Amino acid sequence: MPNWELVRQDFSELHQNMNGERLAYLDNAATSLKPTSVIDRLVSFYQRENANVHRGTYQLSFKATAEYENARKIVQRFINAKSSREIIFTRGTTESINLIASTYGEQNIESGDEIVISLAEHHSNLIPWQQLAIRKKAVLKYINLTPTGEIDLADAKQKITAKTKIVAVAHIGNVLGNVSPIRELAGVAHQNGAIIVVDGAQAACHVPIDVQKLAADFYAFSGHKMLGPTGIGVLYGNQQLLEQMPPYQFGGEMITDVQLDNSQWDQIPYKFEAGTPNIAGAVGLATAIKYLEQVGMTQIRIRDTKLMAYLVPKLIAIPGVKVYGSQNPQQHVGVVSFNLGTLHPHDVATALDMEGVAVRAGHHCAEPLVHSLGTNATVRASLAFYNNQADCDQLINAIKETKEFFKGELR
Ligand code: PMP
């Protein structure tokens, strides 16, 4: 088992004060902190290896190209894709999903077709499908949630029909932290001739990912939520699907031949990577993955469960706190949403910040889900493996102090 206090030493951002208090960073679902190895790798890349990729005929460019392509292989191994050609570097989950909607979606969705997502989706996995449906006069259907906010599999089986072309769901929800039954949904999608797109933004830093076991046709995630830099993300796509899809953007490095009146596209993944890519970002992401693998995704999953099992019952025990979703800490993978009486979540988050606790408040870019919980906004605490019990205690104490402070206004 890793020495978690030593692990914390790798995250320099943790070791500072906020508003005169020890920082308890509990907004990991928004973005993770970065270990020293990732920061150092970015610096060393820019200091000694920076050159453009796939176009130079000199040593430095060969080296940068090798590092960039090695990053692709590291991602491939991390999610157990069959081939590194199935890994496309993007700016993040949002761009990855937009890429699918704009290419596969444009090519395959016709009037009357159905796209099925769940009521729990982040706007990044909702709006691209909503807009595609509007453009194509297709039907966007929503899978209902159970009373505790999980995907209702029985409803999914009703909603996914022979007319369905695309099913798109999050692997782990960003408001409640629950894990979706991806394999089962993939089975239902495939039986009906549809493909499944998985939004893995919240999963990549919490659970081992195996795109083959999940039977995902597409899997999208962001580097910045898994210890990597911002501005780099991944789209995994099944090779056969990627080969049939048209390009996303046009420009340099995605072609084999350009004539005055037409052009030929390069093979995958380059067909989808027009222009100079985020080379340092990919190299930094590879270092982040190496770090995660060194700590161990299974150990991370165990650590997560332990921290949630410590935090969630303490939260529930505070009179006036309402925890959303399942009360079972096993089903809150790294994320718990709550409200404190009738206080506005933004006021709660501001009060917690005064105690050094960083949490997010609002609709968390998942308005339909938050409304289905019977509210407009929640406070969200989201943990990573480098958090500890002291962070959880600090949150609990800060909530109690906030309660005391707003005593007169609490209902
Ligand atoms: N999906 C989910 C479930 C998320 O939590 C997020 C980030 N909050 C996204 C998609 C979008 O990720 P990004 O902003 O990195 O593109």
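Residues numbered from 1 in each chain as written. Predicted model: local features only at pLDDT ≥ 70, side-chain atom pairs only at ≥ 80, totals over all residues. Heavy atoms only, no water.

Looking at this structure, I do not really get the environment of Ile172. What am I missing?
Considering the arrangement of structural elements, one finds Ile172 in the loop between β7 (164-170) and α7 (182-191). The spacing of Ile172 and Ala203 is 31 residues in sequence and 5.5 Å in space, taken between C-alpha atoms. With residues near it in sequence (within four places) discarded, Ile172 still touches Gly177, Asn178, Val179, Asp199, Gln202, Ala203, His206, Val207 and Val333. (Helix = DSSP H or I, 4+ residues; strand = E, 2+ residues; numbered from the N terminus. Contact = heavy atoms within 4.5 Å.)

Help me out: how do you make sense of the sheet that holds strand β8 (residues 195-199) in this one?
Strand pairing within a sheet occurs via backbone hydrogen bonds; the two strands may be parallel or antiparallel. Overall, mixed pairing links the seven strands, which are arranged β4-β10-β9-β8-β7-β5-β6 in an open sheet. The open sheet terminates on both sides in strands that have one partner only, identified here as β4 (87-90) and β6 (139-143). Strand-to-strand, the axes of this sheet are offset by a mean angle of 20°, without reference to chain direction. One ladder, built from five bridges, connects strand β5 (residues 114-118) with β6; its direction is parallel. The residue of β6 that forms the bridge with Ile117 is Tyr142. Relative to β4, helix α3 (residues 59-79) is tilted by about 115°, and along the sheet it contacts β4, β9 (218-222) and β10 (233-237). Against the sheet, α7 engages β6, β7 and β8, with an angle of about 155° to β8. (Pairing = 2+ DSSP bridges. Axes fitted to C-alpha atoms, helices over the stretch in contact; angles between N-to-C directions.)

Got a minute to help me understand helix α2 (residues 36-49) in this structure?
An α-helical segment advances 3.6 residues per turn. Residues three or four places apart therefore align on the same side. Along its 14 residues, α2 runs 19 Å from first to last C-alpha, staying within 8% of the 20 Å computed at 1.5 Å per residue. All of the buried residues along α2 are Val38, Arg41, Ser44, Phe45 and Glu49. An end-on view of α2 places all buried positions within 125° of arc, on one side of the element. Looking at α2, the residues exposed on the side facing more than 90 degrees away from the buried face are Tyr46 and Gln47. (Expected span 1.5 Å × (residues − 1). Buried < 20%, exposed > 50% of the residue type's maximum accessible area, 1.4 Å probe, protein only. Arc of directions from axis to C-beta.)

Please explain the pattern of salt bridges as it appears in this structure.
Working definition: two side chains of opposite charge can pair if their charged atoms are close together. Summed over the entire model, instances satisfying the criterion amount to 20 salt bridges. When the shortest N-O distance is used, the salt bridge between Glu253 and Arg55 registers 4.0 Å. With a gap of 198 residues between them, Glu253 in the loop between α9 (239-244) and β11 (255-258) and Arg55 in the loop between α2 and α3 connect regions that are remote in the sequence. Across the pair Glu106 and Lys136 runs a salt bridge whose closest N-O atoms are separated by 3.5 Å. Of this pair, Glu106 sits in helix α4 (residues 93-108) while Lys136 sits in helix α5 (residues 127-136), placing them 30 residues apart in sequence. The class for Glu106 is partly exposed, based on a relative accessible area of 29%. (Salt bridge = Lys/Arg side-chain N within 4 Å of Asp/Glu carboxyl O.)

Looking at this structure, I do not really get the site of the ligand. What am I missing?
Thr93, Thr94, His122, Ser124, Asn174, Asp199, Ala201, Gln202, Ser222, His224 and Lys225 make up every residue found near the ligand. Within the backbone of Thr93, one N or O atom sits 3.5 Å away from an oxygen atom of the ligand. At 2.7 Å from a nitrogen atom of the ligand is found a side-chain nitrogen or oxygen belonging to Lys225. Taking 400 Å² as the accessible area of the ligand by itself, protein coverage stands at 86%. More than half of the atoms of the ligand fall within 2 Å of the grid points belonging to the largest pocket. (Near = heavy atom within 4 Å. Polar contact = N/O pair within 3.5 Å; in protein donor to acceptor, adjacent residues only side chain to side chain. Areas by Shrake-Rupley, 256 points an atom, 1.4 Å probe, with all protein chains shown as cover. 1 Å grid on protein atoms, 1.4 Å probe; cavity = no way out; pocket = protein on both sides within 12 Å on 5 of 7 lines; lining within 4 Å. Sits in = over half its atoms within 2 Å of the grid points.)

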